[in-house]
Amino acid sequence: MQTETDHQFSSLDVCKTLVKQKLLSSDKVKDILAKEDTVKKKLERTTGRGASAKKRSNNNSHIDIIDVIASFKAPREDGVGGLVDEDAIFTALAAEWDIPFKKIDPLQLDLNLVTTTIPQNFAANHMVLPVDIKDGTLVVATPAPLNLVVMDDIRRVTNMKAEAVITPRSDVKRLINE
């Protein structure tokens, strides 16, 4: 069964967004899409994050299009300089979806909020990290802000309104593990 989040993270949709945001050229996208399966297999072998990892857990440890695109280390086409990395991809997706992008500074995290608001196993399984409470609304950083089921679960567990901000998966994973 395909969810709204799965659809939004389809290879073609992500690539279209990156072209629209002028991060990648159409030619580079064609190259990425043509090599996607080969690159995924290579990344699965080198990182140990394959389909079996996805089946074992729901923590987004599988290889997806964002991993594939970032692995190309393509120069940005928008004149900003640098590479199309995970941060650039999630920033572009945030702009496309009109969801705030948040780069988390671990030194500014409220550890009490992070450790007491959402159970650690839930946070790890769903890649969500509470980062703030504004006007009674829990702000949750996640690489999958369109996963409405998880957001509803957070509302039920916390008895608060919940709002998602988009954050690179590697940042959320690192902070949950710390």
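Predicted model, so just to flag it, every value in this text is computed and none were measured. Throughout this document, residue positions are counted from 1 along each chain, in the order its sequence is written. Residue-level local features of this predicted model are given only where pLDDT is at least 70; pairs of side-chain atoms are given and counted only at 80 or more, and the full residue set underlies all totals for whole chains, interfaces and linings. Only heavy atoms go into the side-chain values, all of them from the structure, while hydrogens and water stay out.

When you look at the overall build of the chain in this model, what are you seeing that I'm missing?
When helices and strands are tallied, the chain shows 10 helices and 3 strands. In the chain, the succession of α and β elements from N to C terminus is α-α-α-α-α-α-α-α-β-β-α-β-α. Surface exposure here means Shrake-Rupley accessible area, sampled with a 1.4 Å probe, where a residue is shielded only by the protein chains that are shown. On the chain, roughly 9900 Å² of surface is accessible, and the fraction owed to carbon and sulfur atoms is 50%. Strands here mean DSSP runs of E at least two residues long; helices mean DSSP runs of H or I at least four residues long; both are numbered from the N terminus.

Mind showing me how you'd approach the side chain of D64 here?
With respect to the secondary-structure elements, D64 resides in the loop between α4 (51-56) and α5 (65-71). One polar contact links D64 to R169, side chain to side chain, over a distance of 2.9 Å. Any two residues whose heavy atoms approach within 4.5 Å are treated as being in contact. For D64, the residues in contact, after removing those within four places along its chain, are K40 and R169. Here a polar contact is taken to be a pair of N or O atoms separated by no more than 3.5 Å, where protein atoms must pair a possible hydrogen donor with a possible acceptor and residues adjacent in sequence count only if both atoms sit in side chains.

When you look at the environment of V80 in this model, what are you seeing that I'm missing?
Take V80: it is sitting in the loop between α5 and α6 (86-97). Take V80: its relative accessible area is 59%, and that puts it in the exposed class. It is 9.2 Å that separates the C-alpha atoms of V80 and L23, two residues lying 57 residues apart in sequence. Only protein chains enter the accessibility calculation, which uses a 1.4 Å probe; a residue is then buried when its area is under 20% of its type maximum, exposed when over 50%, and partly exposed in between.

In this structure, what is going on with the confidence of the model for the chain? I would like to understand it.
Residue-level confidence of the predictor is summarised by pLDDT, bounded by 0 at the bottom and 100 at the top. In this model, the chain carries an average pLDDT of 86, and 87% of its residues clear a pLDDT of 70 or more. Per-residue pLDDT stays below 50 along residues 1-7; that stretch engages in 8 contacts with residues further than four places along the chain or on separate chains. In this model residues 52-61 is a low-confidence stretch, pLDDT under 50, and it forms 14 contacts with partners more than four residues away in sequence or in other chains.

Honestly, α6 in this entry has me stumped. Any pointers?
Structural remark: α-helix, 3.6 residues per turn; residues separated by three or four positions point the same way. The terminal C-alpha atoms of α6 lie 16 Å apart, and with 12 residues this matches the ideal 16 Å at 1.5 Å per residue to within 8%. Residues of α6 that are buried include every one of E86, A88, I89, F90, A92, L93, A94 and W97, and no others. A helix is expected to span 1.5 Å for every residue after the first.

What am I meant to see in the packing of helix α2 (residues 11-20) against α6 here?
Think of two packed helices as two axes; the pair is described by the angle between the axes and how far apart they sit. Orientation of α2 relative to α6, taken along the N-to-C sense of each, is 90°, at an axis distance of 9 Å. In terms of orientation, α2 lies roughly perpendicular with respect to α6. Touching V14, T17, L18 and K20 of α2 are I89, A92, L93 and E96, all from α6. Any residue that is not Ala, Val, Leu, Ile, Met, Phe, Trp, Tyr, Cys, Pro, Asp, Glu, Lys or Arg is counted as polar, Gly included; the first ten are nonpolar and the last four charged. Split into classes, the residues belonging to the contact of α2 with α6 amount to 5 nonpolar, 1 polar and 2 charged. Inter-axis angles, ranging from 0 to 180 degrees, are taken between N-to-C directions of lines fitted to C-alpha atoms, where helices are fitted over the stretch in contact. An angle below 35 degrees is treated as roughly parallel, one above 145 as roughly antiparallel, one from 65 to 115 as roughly perpendicular, and anything else as oblique.

For this particular structure, what's the right way to read the sheet that holds strand β3 (residues 161-166)?
For sheets, the rule is that strands pair by backbone hydrogen bonds, running either parallel or antiparallel. With respect to topology, 3 strands assemble into an open sheet ordered β1-β2-β3, the strand pairing being mixed. Each edge of the sheet is formed by a strand with only one pairing partner; in this case those strands are β1 (129-134) and β3. On average, each strand axis in the sheet is tilted by 30° relative to the strand beside it, whichever way the strands run. The sheet contact formed by strand β2 (residues 137-142) and β3 spans 6 bridges and is parallel. Strand pairing requires that DSSP identify at least two bridges connecting the strands.

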